[in-house]
Amino acid sequence: MNSRTKRYIAITALGLVYGTMFNLPYIKYVFYDAMIEGMGVTNTQLGLLLTVYTIISTIGLIPGGWIADRFKTKKIIVGSAFLNGFICFFFMFTMKSYACAMITWIVSAVAGVTAFWAAILKAVRVISPSEEQGRAFGFWEGVCGVSATIGNFVALYAFSVFDDSAAALRGAVASMGVMCVIGAVLVWWLYDEHLTSTDETGEKKKAPGVKEMLQVFRLPKMYLCCLIVFCSYGFFSSQTFLTPYFTNVLGAAVTFSGVLAIFRSYGLKILGGPIGGVIADKLESPSKLAVGCYILMSASILYIETAAGGSGLIPVLTVLTLALATVCFMARGTMWATIDEAGIPPEISGTAISIVSIIGFNIPDTFLPPLLGSWLDKYGNQGYHYIFYFLIGLCCVGIVAALAMITANRKGVRHG
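Everything numeric here is computed off the predicted structure, so don't read it as measured data.

Peer 1: Give me the nonpolar core: which residues, what numbers.
Peer 2: M39, W117, W140 and W336 are the most contacted members of the largest nonpolar core, which totals 131 residues. Top contributing element to this core by residue count: helix α19 (residues 383-410), with 13 residues. The contact partners of W336, leaving out residues within four places of it in the chain, are W117, L121, F137, V229, I353, V356, S357 and F361.

Given below as structure tokens:
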């Protein structure tokens, strides 16, 4: 088996385990009513679990990069997955206790983010050569989508086996724990540590010290990565407001909008990520792909914003929305490849990933939903126009950041 085949087998394992790690903390999106009844909690208490999870995750990202740069990524990933599986089983037996539920969500944040997040992204990066970064991350994104979809369907099946809501919820949670353990075993079995612990010549890499890891803050292009990830992920998360736009403004049925949202948020990840990866590698720059994606995304939103015609527009805008989601996943699936494009040394990429994640992921998740939601509360349907203008603005910022990355690389500023 050649090294390229081994790389993609390893990336497949990494994608499969990633897709199992976040089903439990976000379980309320699928089993909301069952959790209220089965756990005996209020809506506020249920929402507070995810709030605590987000806080612990944000704090955990800071040491997470250091951990990923100091220790072997394979052990971190496998250990985190086993811990996440254990906490699923713990919650299955203790879900009637809100204190135990709080412990579950805290441990899940530690398992899924503190070490795992930077480690798995670093693993994808260092296992792939520079000329295949886009394809590697795009392929990984697609496998993540497949894994998350399979995991949720398995949980739904496990839930449907039982008549009692508490027993059904336990069955769903147990399936999530089993999927985590399976993912851990697959990584342990299929991830070749040699591909990440040595360079192309077989020379052992020395673990970086604090001084070396602090160098990442002196790399200007690292902040361009932050902007590109912020704009790509911010656009992805904010396009969820297209769901109520279809129902409140266009008059689409709630069920239709829900099905469209599933395809837009999950299904097209399987298509967009790999396609974007191939194109990024053909262009020899994920930033070049990002520029094209941002232009198409902003043009699509501008059309949606200016189109008039009510429910008669639903067929056209449905096709456009699905195309928009595909392009968005092309940008999102390759955005992490900009870390290699920025010339950030592989041995400190865990630290860089943590910084980029805090700025590019946590900040959008913290302030964009309430900000955009407040516009709808204050201005009604007129608020959608402001949301669309904001999305176009995100694309413009992304274009500037991507062009700055391309220009810096043309001038030969490889390491910052």
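Peer 1: Report on unusual backbone geometry, specifying residues and quantitative values.
Peer 2: Unlike most non-glycine residues, E284 shows phi in positive territory, near 60°. When its relative accessible area of 73% is taken as the criterion, E284 is described as exposed.

Peer 1: Give me the lowdown on the pattern of salt bridges, citing residues and values where you can.
Peer 2: One pass over the full model with this rule turns up four salt bridges. When the shortest N-O distance is used, the salt bridge between D69 and K122 registers 2.9 Å. Taken as a pair, D69 in helix α3 (residues 43-70) and K122 in helix α6 (residues 116-126) lie far apart in primary sequence, 53 residues in all. This pair shows no difference in class: D69 is buried, exactly as K122 is. D281 serves as the salt-bridge partner of R135, at 3.2 Å between the closest nitrogen and oxygen.

Peer 1: Explain the packing of aromatic side chains to me, and be specific about the residues and the numbers.
Peer 2: All chains considered together, the criterion is met by 22 aromatic pairs. The interplanar angle of 65° and the centroid separation of 5.2 Å between the aromatic rings of W117 and F361 together place this pair among those described as edge-to-face. Linking W117 in helix α6 with F361 in helix α18 (residues 349-379), this pair joins segments that are 244 residues apart in sequence. An identical accessibility class is assigned to W117 and F361; each is buried. Considering the side-chain rings of F230 and F367, the 6.5 Å spacing of their centres and the 25° angle between planes classify their relative orientation as stacked. Separated by 137 residues along the polypeptide, F230 in helix α11 (residues 220-238) and F367 in helix α18 bring together distant segments of the chain. Relative accessible area serves as the criterion here: at 15%, F230 is assigned to the buried category. An aromatic cluster is built from Y18, F22, F116, W117, F137, W140, Y233, F236, F329, W336 and F361, whose rings are joined through pairwise contacts. The cationic tip of R332 hangs over the ring face of F236; the distance from NZ or CZ to the ring centre is 4.4 Å.

Peer 1: Residues and numbers for a negative patch on the surface, please.
Peer 2: A surface patch of like charges, here negative, comprises D33, E37, D163 and D164. When you line up the elements, D164 lands in the loop between α7 (133-160) and α8 (165-190). Residue D164 is classed as partly exposed on the basis of its relative accessible area, which comes to 46%.

Peer 1: Can you lay out α11 for me, pointing to particular residues and giving the numbers?
Peer 2: Taking 1.5 Å of rise per residue, the 19 residues of α11 would be expected to cover 27 Å, and the 27 Å separating its terminal C-alpha atoms lies within 8% of that figure. Among the 19 residues of α11, 16 are classified as buried, and the element is accordingly described as predominantly covered.

Peer 1: Lay out the state of the cysteines in plain terms, naming residues and giving numbers.
Peer 2: Applying the stated criterion across every chain, the model contains zero disulfides. C225 takes part in no disulfide bond, and the closest cysteine sulfur, belonging to C226, lies 7.0 Å away. Cysteine C396 is unpaired, with the sulfur of C395 as its nearest cysteine sulfur at 6.9 Å.

Peer 1: Please provide a residue-by-residue account of the packing of α7 against helix α16 (residues 314-334), values included.
Peer 2: Taken N-terminus to C-terminus, the directions of α7 and α16 make an angle of 115°; their axes are 8 Å apart at the nearest point. As α7 runs across α16, the sense of the crossing is right-handed. Contact residues: α7 offers G134, F137, G138 and E141, while α16 offers F329, R332, G333 and T334. When its residues are assigned to classes, the contact of α7 with α16 shows two nonpolar, four polar and two charged.

So, how was this worked out
Residues numbered from 1 in each chain as written. Predicted model: local features only at pLDDT ≥ 70, side-chain atom pairs only at ≥ 80, totals over all residues. Heavy atoms only, no water. Core = buried A, V, L, I, M, F, W, Y, C linked by side-chain atoms within 4.5 Å. Buried < 20%, exposed > 50% of the residue type's maximum accessible area, 1.4 Å probe, protein only. Helix = DSSP H or I, 4+ residues; strand = E, 2+ residues; numbered from the N terminus. Contact = heavy atoms within 4.5 Å. Salt bridge = Lys/Arg side-chain N within 4 Å of Asp/Glu carboxyl O. Phe/Tyr/Trp six-rings, centres within 6.5 Å; stacked < 30°, edge-to-face > 60°. Lys NZ or Arg CZ within 6 Å of the ring centre and 35° of its normal. Patch = residues over 30% accessible without salt bridge, like charges linked within 9 Å, V, L, I, M, F, W, Y side chains within 5 Å. Areas by Shrake-Rupley, 256 points an atom, 1.4 Å probe, with all protein chains shown as cover. Lys, Arg positive; Asp, Glu negative; His and termini not counted. Charge placed at Lys NZ, Arg CZ, Asp CG, Glu CD. Expected span 1.5 Å × (residues − 1). Disulfide = S-S within 2.5 Å. Axes fitted to C-alpha atoms, helices over the stretch in contact; angles between N-to-C directions. Left-handed = near helix turned anticlockwise from the far one by under 90°. Nonpolar A, V, L, I, M, F, W, Y, C, P; charged D, E, K, R; others polar.

Keep in mind these numbers describe shape, not what the thing actually does.
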